[in-house]
Amino acid sequence: LCCGSPVARIGDRDTFMSLAKRNIERLNDAGAREIVTFCPGCYRALTHDYPQIPNAPALQAKVYHSSQYFDRLVEEKRLVFKNREPLRATWHDPCHLGRHCGIYEEPRRLLRAMPGMELVEMERIKDQSWCCGGGGGARTAFRDFALKTAVKRIGEAKKTGASAIVTACPFCEQNLGEAIDK
C-alpha cells in the first residue's frame, strides 16, 4: 500500500496511521528483512514517521533509501559501473531525503562512481538546498507557486553548466520536469 506520506503531509493523520499500521503488519508478516525505497517520502515515513505512531508494532526490516543501498553495493564492489557515459550533472537534494533524513553523501558518491560522470554542485545544496516546490501538497494546492519555485531551482542548475538535473524524488522530478517543459 502507499506508505501514507502524501496524506500525512497534508494533515490527514488518521488515514496515514491506518495505512502505516497495515503496511507494518504486511511487511512484518512477509518476513521482510530489508526494504529499499526509491521515494524519499516513503523512506522518511518508514524510518521516521512509523516509529512515532501510537500502539503500532515496530517495523522489523531494516529500511534503506535506494541511494544508501546502491552506495553500499558499490562500496562492497558488488555493483560496478562499466559503461562510460560522459555527462555533466548536478544533484538536487530532495527535502525529505536531505533536510528531513540527513542523506546527502550517498547519492553524490553514486554519481561520482559512474564512469564519465562529472558532478557539479549548485550554489544551495544539502541542508541549504532550495526546494523544488512540488512536495507537501504545494504542487496540488498552489500549482503556480510550485512552478515558480521550480523555475528558480532550474536557474540555479543552469548556472553550473550541467546538462542534467539528477534527483531521487518523483515529486521533484515531476515538478522540475514540468517547469523545464514550460
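The structure under discussion appears in the preceding block.
Because the structure is predicted, anything quoted here is derived from the model rather than measured.

Asker: Requested: an account of the packing of helix H7 (residues 143-158) against helix H8 (residues 170-181), with residues and values cited.
Answerer: Where H7 contacts H8, the axes come no closer than 9 Å and their chain directions differ by 80°. Taken together, the axes of H7 and H8 are roughly perpendicular relative to one another. Taking contact as the criterion, the partners of Arg143, Ala146, Leu147, Ala150, Val151, Arg153 and Ile154 in H7 are, on H8, Asn175, Leu176, Glu178, Ala179 and Ile180. Residue composition of the contact of H7 with H8, by class: eight nonpolar, one polar and three charged.

Asker: Hey, could you go over the nonpolar core for me, with residue numbers and the actual values?
Answerer: Within the largest apolar cluster, 23 residues are counted, with the highest numbers of intra-cluster contacts made by Phe16, Ile35, Ala45, Leu46, Tyr50, Val63 and Trp91. When near neighbours in sequence (up to four residues on either side) are disregarded, Trp91 contacts Leu97, Pro107, Arg108, Leu111, Leu119, Val120, Glu121, Met122, Arg153, Val166, Thr167 and Ala168. One finds Cys132, Leu147, Cys172 and Ala179 within the second-largest nonpolar core, a separate group that totals eight residues.

Asker: Give a description of the packing of aromatic side chains that names residues and reports values.
Answerer: The final tally for this structure, using the stated rule, is three aromatic pairs. Their ring planes at 65° and their centres at 5.6 Å tell us that Tyr64 and Tyr69 sit as a pair that is edge-to-face. Note on accessibility: Tyr64 and Tyr69 belong to one class, buried. Counting every residue linked through ring pairs, the aromatic cluster contains Tyr64, Tyr69 and Phe70. The side chain of Lys62 reaches across the aromatic face of Tyr64, ending 5.2 Å from its centre.

Criteria and cut-off values
One numbering rule holds for all chains: residues counted from 1, following each sequence as written. For this predicted model, a pLDDT threshold of at least 70 governs which residues receive local features, and a threshold of 80 or more governs which side-chain atom pairs are given and counted, while totals over whole chains, interfaces and linings are taken from all residues. Processing note: side-chain calculations cover all non-hydrogen atoms of the structure and skip hydrogens and water entirely. Note on geometry: axes are C-alpha line fits, over the in-contact stretch for helices, and angles between N-to-C directions span 0 to 180 degrees. Secondary structure counts use DSSP, requiring at least four H or I residues in a row for a helix and at least two E residues in a row for a strand, with both numbered from the N terminus. With respect to orientation, any angle under 35 degrees is reported as roughly parallel, any angle over 145 as roughly antiparallel, any angle of 65 to 115 as roughly perpendicular, and every other angle as oblique. Here, two residues are considered to be in contact whenever any of their heavy atoms come within 4.5 Å of each other. Polar here means any residue outside two lists: the nonpolar Ala, Val, Leu, Ile, Met, Phe, Trp, Tyr, Cys and Pro, and the charged Asp, Glu, Lys and Arg; Gly therefore counts as polar. Here, nonpolar core refers to any group of buried Ala, Val, Leu, Ile, Met, Phe, Trp, Tyr and Cys residues whose side-chain atoms link them within 4.5 Å. Burial classification: accessible surface area is computed with a 1.4 Å probe over protein chains only, and a residue below 20% of its type maximum counts as buried, one above 50% as exposed, and the rest as partly exposed. Two rings from Phe, Tyr or Trp (for Trp, the six-membered ring) form a pair when their centres sit within 6.5 Å of each other. Planes less than 30 degrees apart are called stacked, planes more than 60 degrees apart edge-to-face, and all others tilted. The rule for a charge over a ring is simple: NZ of Lys or CZ of Arg within 6 Å of the ring centre, and within 35 degrees of the ring normal.

Function-wise, these values are silent; they only describe arrangement.
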